[in-house]
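Residue-level listing of the chains:
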Amino acid sequence: MKKFLTAILLSCAMVLCSCQSAKNVEETRKITLPVSYMVFSTGKAENSDEYLESVEETVEVIKALGPEYITDVTVLDGSLVLEVTEKQRDKLIEWNNEKMAEWVDPLLKADPLYSFTGSEDYTEATFYYDEKCSVIVALKAIGAASGGYAFNNILINNTTDWNVHLRIYNCHTNRIVVDVNIPEEQAVLNDEVWAASYEE
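Read on for a plain summary of the structure. (Residues numbered from 1 in each chain as written. Predicted model: local features only at pLDDT ≥ 70, side-chain atom pairs only at ≥ 80, totals over all residues. Heavy atoms only, no water.)

Before going further, it helps to examine a negative patch on the surface. Residues Asp 49, Glu 50, Glu 53 and Glu 57 make up a contiguous surface patch of negative charge. Residue placement: Glu 53 occurs in helix H3 (residues 49–64). (Patch = residues over 30% accessible without salt bridge, like charges linked within 9 Å, V, L, I, M, F, W, Y side chains within 5 Å. Areas by Shrake-Rupley, 256 points an atom, 1.4 Å probe, with all protein chains shown as cover. Salt bridge = Lys/Arg side-chain N within 4 Å of Asp/Glu carboxyl O. Lys, Arg positive; Asp, Glu negative; His and termini not counted. Charge placed at Lys NZ, Arg CZ, Asp CG, Glu CD. Helix = DSSP H or I, 4+ residues; strand = E, 2+ residues; numbered from the N terminus.)

Listed below in structure tokens is the structure:
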């Protein structure tokens, strides 16, 4: 009888341990960064050697973040497939936000009138600045914000159908300079559009 009770207790202990272990193992999900996003973020033509090289470089960058951020990342037909837990996804978004800030901050520091705001769902990005801003600084900030918001949107919604509504305003007149939906449309910034933003 004693041996029988001991066996039952051991069995129960093993079941409890097994259940606890299962709880400790977080489920992963697969999230695809589609070709449309990779083409936009790399600036390379799809299927070109430069594009494929950029995709592989992106894989290495993400892998280098380590297990705190990613379980696995693979390339499938030109798209990137991320395998992440919920915690890893949140860490990737946090990392991405820090990278975005590094590129946007130079624009914000260039003039107290310059600003950047974005929607909580990462679908809208809005800038206020003027034509005196360095073209390089502006393009880096716009590219980082647009690509970064798209990245976060894809991670949160696990969708390949992404879109970022980009608006750029003249910080002196509050008139629109650029109003486009990425990736369907491209932003055009030149002397003509800036001049139009000052017209009465």
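Moving on, there is more to tell.
On to the packing of helix H4 (residues 86–110) against helix H5 (residues 135–157), then. At a minimum axis separation of 8 Å, H4 and H5 run at an interaxial angle of 165°. With respect to their mutual orientation, H4 and H5 come out roughly antiparallel. For H4 against H5, the interelement crossing comes out left-handed. Every residue of H5 that contacts H4 at Arg 89, Leu 92, Ile 93, Asn 96, Asn 97, Met 100, Trp 103, Val 104, Pro 106 and Leu 107 is listed here: Val 137, Ala 138, Lys 140, Ala 141, Ala 144, Ala 145, Gly 148, Tyr 149, Phe 151, Asn 152, Leu 155 and Ile 156. (Axes fitted to C-alpha atoms, helices over the stretch in contact; angles between N-to-C directions. Parallel < 35°, antiparallel > 145°, perpendicular 65-115°, else oblique. Left-handed = near helix turned anticlockwise from the far one by under 90°. Contact = heavy atoms within 4.5 Å.)

Residues Leu 82, Leu 92, Phe 127, Tyr 129 and Ile 168 are the most contacted members of the largest nonpolar core, which totals 46 residues. With nine residues, the single largest contributor to this core is H5. With sequence-adjacent residues up to four places away left out, Tyr 129 is seen in contact with Leu 107, Tyr 114, Ala 138, Ile 142, Ile 168, Tyr 169, Asn 170, Cys 171, Leu 189 and Trp 194. (Core = buried A, V, L, I, M, F, W, Y, C linked by side-chain atoms within 4.5 Å. Buried < 20%, exposed > 50% of the residue type's maximum accessible area, 1.4 Å probe, protein only.)

To continue, consider the packing of aromatic side chains. Under the defined criterion, the tally for this structure stands at nine aromatic pairs. Three or more aromatic residues joined by ring pairs make a cluster, and in this case those are Tyr 37, Phe 40, Phe 151 and Trp 162. (Phe/Tyr/Trp six-rings, centres within 6.5 Å; stacked < 30°, edge-to-face > 60°.)

A few words now on the sheet that holds strand E2 (residues 72–76). As summarised here, the arrangement of the three strands in space is E1-E3-E2, forming an open sheet in which the pairing is antiparallel. In this open sheet, the two edge strands, each paired with only one partner strand, are strand E1 (29–33) and E2. Taking the axes of each pair of neighbouring strands and ignoring which way they run, one obtains an average angle of 25° across the sheet. Two elements, E1 and strand E3 (residues 79–84), share five bridges in a ladder whose sense is antiparallel. Paired with Arg 29 across the two strands is Val 84, which belongs to E3. Along the sheet, H3 contacts E2 and E3; its crossing angle with E2, the most-contacted strand, is approximately 170°. Docked against the sheet, H5 engages E1 and E3, running at close to 150° with respect to E1. (Pairing = 2+ DSSP bridges.)

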